Amino acid sequence: MSKRRIEKVAVIGSGIMGSGIACHFANIGVEVLLLDIVPRELNDAEKAKGLSLEDKVVRNRLVNNALTAAIKSRPAPLYHKDFAKRITTGNLEDDITKVKDVDWIIEVVVERLDIKQQVFEKLEKHRTPGTLITSNTSGIPIKFMNEGRSEDFRQHFCGTHFFNPPRYLKLFEIIPGPDTKQEVLDFLNGYGEKFLGKTSVVAKDTPAFIGNRIGIFGIQSLFHLVSEMGLTIEEVDKLTGPVIGRPKSATFRTVDVVGLDTLVHVANGIYENCPDDEEHELFKLPAFLDTMMENKWLGRKTGQGFYKKTRNEDGSSEIVSLDLDSMEYRKKKRASFATLEMTKSVDKVIDRFKILINGKDKAGEFYRKNFGAMFAYVSKRIPEITDELYKIDDAMKAGFGWEHGPFEIWDAVGLSEGIKLINELGKEPAAWITEMQEAGVESFYTVKDGATYFYDIPKKAHEKVPGQDAFIILDNIRKSNEVFKNSGVVIEDLGDGILNVDFQSKMNSIGGDVLAGVNKAIDLAEKEYDGLVVGNQGANFSVGANIGMIFMMAVEQEYDELNMAVKYFQDTCMRLRYSSIPVVVAPHGMTLGGGCEMTLHADRVVAAAETYIGLVEFGVGVIPGGGGSKEMALRASDTFEKNDVELNRLQEYFLTIGMAKVATSAYEAYDTGILQYGKDIVVVNKDRQIATAKAVARMMADQGYTKPNQRTDVRVLGKQALGMFLVGTDSMEAGHYISEHDKKIANKLAYVMAGGDLSEPSYVSEQYLLDLEREAFMSLTTERKTLERLEHMIKKGKPLRN
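Residues numbered from 1 in each chain as written. Predicted model: local features only at pLDDT ≥ 70, side-chain atom pairs only at ≥ 80, totals over all residues. Heavy atoms only, no water.

S.K.: So what exactly am I meant to see when it comes to the overall build of the protein here?
M.R.: When you go through the protein residue by residue, the secondary structure sums to 33 helices and 25 strands. For 802 residues, the compact-globule formula gives about 28 Å, and the C-alpha radius of gyration of the protein, at 28 Å, lands near that figure. Overall, the protein is about 80 × 70 × 70 Å in size when its C-alpha atoms are taken along their principal axes. When burial is assessed residue by residue, the protein has 54% of its 802 residues classed as buried. Counting contacts in the protein only where the partners sit at least 6 residues apart, residues at least 24 apart contribute 70% of the total. For the protein, the exposed surface amounts to about 34400 Å²; the carbon and sulfur share of it is 50%. Considering the protein, the positive charge centre built from 101 side chains and the negative charge centre built from 116 side chains are found 2 Å apart. (Helix = DSSP H or I, 4+ residues; strand = E, 2+ residues; numbered from the N terminus. Rg over C-alpha atoms; globule rule 2.2 N^0.38 Å. Buried < 20%, exposed > 50% of the residue type's maximum accessible area, 1.4 Å probe, protein only. Contact = heavy atoms within 4.5 Å. Areas by Shrake-Rupley, 256 points an atom, 1.4 Å probe, with all protein chains shown as cover. Lys, Arg positive; Asp, Glu negative; His and termini not counted. Charge placed at Lys NZ, Arg CZ, Asp CG, Glu CD.)

S.K.: Would you take a moment to explain a negative patch on the surface for this structure?
M.R.: A surface patch of negative charge is lined by E556, E558, D560 and E561. By the element assignment, E561 lies in helix 24 (residues 559–577). (Patch = residues over 30% accessible without salt bridge, like charges linked within 9 Å, V, L, I, M, F, W, Y side chains within 5 Å. Salt bridge = Lys/Arg side-chain N within 4 Å of Asp/Glu carboxyl O.)

S.K.: For this particular structure, what's the right way to read unusual backbone geometry?
M.R.: Excluding glycine, a negative phi dihedral is what most residues carry, and trans is how most peptide bonds are arranged. Between N164 and the following residue, P165, the backbone shows a cis peptide bond with an omega angle of 0 degrees. As for its position among the elements, P165 is in the loop between strand 6 (157–162) and strand 7 (171–176). In this structure, P383 follows I382 across a cis peptide bond, with omega equal to 10 degrees. With phi around 60 degrees, M327 is a residue other than glycine that occupies positive phi space. Relative to the assigned elements, M327 resides in the loop between strand 10 (317–323) and strand 11 (328–331).

S.K.: Explain the packing of aromatic side chains to me, please; I cannot follow it from the model alone.
M.R.: In this description, a pair of aromatic rings is defined by centroid distance and the angle of the planes. Under the defined criterion, the tally for this structure stands at 37 aromatic pairs. With a centroid separation of 6.0 Å and an interplanar angle of 40 degrees, the aromatic rings of F223 and F306 are classed as tilted. Of the two residues, F223 sits in helix 9 (residues 211–229) while F306 sits in the loop between helix 13 (287–294) and strand 9 (307–311), which places them 83 residues apart along the sequence. Across the pair, exposure class does not vary: F223 and F306 are buried alike. One aromatic cluster in this structure is built from F353, F366, Y367, F371, F375, F407, W410, W432, F444 and Y455. Over the face of the ring belonging to F83 we find R86, whose NZ or CZ atom lies 4.0 Å from the ring centre. Lying across the ring of F144, K143 places its NZ or CZ 5.5 Å from the centre. (Phe/Tyr/Trp six-rings, centres within 6.5 Å; stacked < 30°, edge-to-face > 60°. Lys NZ or Arg CZ within 6 Å of the ring centre and 35° of its normal.)

S.K.: Sorry, what's going on with the nonpolar core here?
M.R.: Nonpolar side chains tend to gather and get buried jointly when the protein is soluble and globular. The biggest cluster of nonpolar side chains holds 116 residues, and the ones touching the most others in it are F25, W104, F503, L532, V534 and M753. When residues in this core are grouped by element, the largest group, seven residues, is from helix 22 (residues 512–528). Residues within four places of L532 in sequence aside, it is in contact with I498, L499, N500, V501, A521, I522, A525, I581, P582, V583, V584 and A697. Of all hydrophobic cores here, the second largest spans 110 residues; its members include F153, L324, V378 and I419. (Core = buried A, V, L, I, M, F, W, Y, C linked by side-chain atoms within 4.5 Å.)

S.K.: Explain the sheet that holds strand 9 here, please?
M.R.: Adjacent strands of a sheet pair through backbone hydrogen bonds, lying either parallel or antiparallel. Spatially, three strands are ordered 9-10-11 in an open sheet, and the strand pairing comes out antiparallel. Looking along the sheet, the strands with just one partner apiece sit at the ends: strand 9 and strand 11. In this sheet, neighbouring strand axes are inclined to one another by 45 degrees on average, regardless of whether the strands run parallel or antiparallel. With five bridges joining them, strand 9 and strand 10 adopt antiparallel strand pairing. Bridge pairing in strand 10 places R311 opposite S317. (Pairing = 2+ DSSP bridges. Axes fitted to C-alpha atoms, helices over the stretch in contact; angles between N-to-C directions.)

S.K.: What should I look at first to understand the packing of helix 26 (residues 628–640) against helix 32 (residues 766–780) in this one?
M.R.: Axis angle and axis distance: for two packed helices, these are the angle between their axes and the distance between the axes, and together they describe the pair. Relative orientation of the contacting elements helix 26 and helix 32 amounts to 135 degrees, with a least axis distance of 8 Å. Put simply, helix 26 runs oblique to helix 32. Like other packed secondary-structure pairs, helix 26 and helix 32 cross with a definite hand, here right-handed. Every residue of helix 32 that contacts helix 26 at G628, S629, K630, E631, A633 and L634 is listed here: E766, L769, L770 and E773. Of the residues that constitute the contact of helix 26 with helix 32, the class distribution is four nonpolar, two polar and four charged. (Parallel < 35°, antiparallel > 145°, perpendicular 65-115°, else oblique. Left-handed = near helix turned anticlockwise from the far one by under 90°. Nonpolar A, V, L, I, M, F, W, Y, C, P; charged D, E, K, R; others polar.)

S.K.: Is there a simple way to explain the sheet that holds strand 1 (residues 8–12) in this structure?
M.R.: One open sheet accounts for eight strands, arranged 3-2-1-4-5-6-7-8; its pairing is mixed. The sheet terminates laterally at strand 3 (87–91) and strand 8 (199–202), the two strands that pair on one side only. Strand-to-strand twist of the sheet, defined as the mean angle between neighbouring strand axes without regard to direction, takes the value 25 degrees. Sheet topology places strand 4 (residues 104–107) next to strand 5 (residues 132–135); four bridges connect them, and they run parallel. Following the sheet pairing, E107 is matched in strand 5 by S135. In this fold helix 1 (residues 16–27) packs onto strand 1, strand 2 (31–36), strand 3, strand 4 and strand 6, with an angle of close to 170 degrees to the strand it touches most, strand 2.

S.K.: For this particular structure, what's the right way to read the pairing of strand 2?
M.R.: In summary, the side chains of a regular strand alternate between the two faces of the sheet. Counting buried positions along strand 2 yields five of six residues, so the element is predominantly enclosed. Pairing analysis gives five bridges linking strand 1 to strand 2, with the strands arranged parallel. Paired with I12 across the strands is L35, a residue of strand 2. As for the winding sense of the linkage, the β-α-β connection from strand 1 through helix 1 to strand 2 is right-handed. Where strand 2 meets strand 3, five bridges bridge the pair, whose relative direction is parallel. Looking across to strand 3, one finds that L34 is bridged to T89. (Right-handed = clockwise from strand over helix to strand, strands pointing away.)

S.K.: Explain the side chain of S629 to me, please; I cannot follow it from the model alone.
M.R.: Mapped onto the elements of the fold, S629 is located in helix 26. At 2.8 Å, the side chain of S629 forms a polar contact with the backbone oxygen of P624. Setting aside its immediate chain neighbours within four residues, S629 contacts I623, P624, I657, L749, V752, M753 and E773. (Polar contact = N/O pair within 3.5 Å; in protein donor to acceptor, adjacent residues only side chain to side chain.)

S.K.: Looking at this structure, how should I read the side chain of R352?
M.R.: Summarising the element assignment, R352 is placed in the loop between helix 14 (338–341) and helix 15 (353–357). When near neighbours in sequence (up to four residues on either side) are disregarded, R352 contacts P242, V243, T343, V346 and D347.

Structure (structure tokens):
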């Protein structure tokens, strides 16, 4: 049998989800055909132009308008604006025959069974046998949708449920129909993970599948708990946000973003279609939700929901909150709990749950009730919605942004303690939980040889979670493979002669211990190994330098110590590039300031697609001081031979720093000169990143890596460039576009990137530029305005970023 490949897909339906799915396939290089219906009447603009319903621009109006709106939306659905060229639009009358040429047809039309069946009937007339055909339904049973279709259609048909927005939410639920071939499910499972960067979860064909069944239960449970415990919406959002590893939008803000009508639609579907669910009545809408639906208080889409933005008489704006008792908006109330204060010193979320359930205040009571209800519910959904418990955890983490799934949280508090929480609510766990406890099994998960094992209920034993072989999970190997550890890093042996240096500081900020750890890793790798990866699996690669340390040294006027600290940072970055072993840096998430500078000095970069990277030091009144300013001057110099307009090229690199540009994806980082074509690579699935980086380091070592020589051929333009920059900053200040202090920072950067005030273009060494960079950085730390900005950032608890 020939290997199935996806080179072209057709997406049927161009609404928010359809356009989002089309954009994500374009993100990974697939050619997309996006089709929608033909308008039945002209709009005013078309009438004014004298167009008719037969004109192509009219016939494709709906699909083109929808795609244009999607591309303009924020957060952006595309990794790079140019990727839109991979999408071709059309309509279901003129262009439906083109589906014969695609490898996969994805239906994303309105959630009505009759309309979906009509669409499938039309598509089957033109679909090539063997072509994948799937539905993005969020809850309509798959078995009903393919009724009346041919055997080949049914064998290649299933549900593929993307979560919105498709670029950012990782859950990809695959729901087999009664006749779906196993090879189709296996292909989609692998394709979702490897190519789309998703967490693929094969679910049973039950109402709301896995993610929404558990997620909507969790939200509905909270809605009822609010009334029972007399909680405010601010209190619930405080309790259900980052403190327990959930998104900042927590519960009520998330509902406002998603839309209350969307949540109500799914909740009603579960209520109507799951009469035997032991929590059936919980899916009934509380009275306050009925009122909100009647008033069209649906959230962001209608301008108000649980929160509303108002404008005061003085013109300032304010966010007000809905009081669920009076159903009137009021000023936001600050929420604080003693139990949460006890977790502030606990960095790892997984270690907080035991503290939270033992709280003596209202927060402790909330967590005991909330987790107890969730544990009981998920235990009883097996085997109804899935046979494997890890799929429930995967779905909640990938679809709802939870850091830990329900069974992982249960493990964190302890099996017996979880059962106690259930019993305190007057509930019982599923029978298999009791059997598991009686058999002496105390956890749902174990780790062995770097792999995660889950409790397989029918086998009554722990089995390896499938699909891990392409991943390296640092949490699983950190203890067993530790080579060195300090307060800033852990150095792990990844195997095959490759080390990894894994940042462990708060927000992975870079201070003395991290720099010492990086240097130690290079020392070890040079003596006993073949290569080094600088990578971690935190929420962000690194938010930049430890500005608290910089601020304290500057305030205390410890300039010699500060100068040494800056030089140590520069020297560390230079060692990344000029060591005797290949160094691969693996950035992801926020990679700002110093994190970006480390990335710039790697031999190779393996970046996650979702990498938000930039040199943002201007925001706190300094220039990049860890080699970033030098490196951008060097990279500009490397383009001079290919481009006669040297000043223009240098200015582009100058503005990357001067405007504190942050690429919103790894692909955009090629545009800013931070990533380099032909050298650095991008991986869509972050779970594969460390393994890929290790493979790249191993390949470089096998090819005979030789330590490079430091550059002495960096072309700088001297006074010619410096004059241009100074005129530019003068005019920007005169036009009130920048402040006097901003001008001072920009002029310091200009001096570095021009190579000083040399009388003519010259060739200089990297060290010469590093010395200029450090001198400029140090002079700026004596400025009152810079110290004020640093202090402000520290008070706000922000990293080194704009």
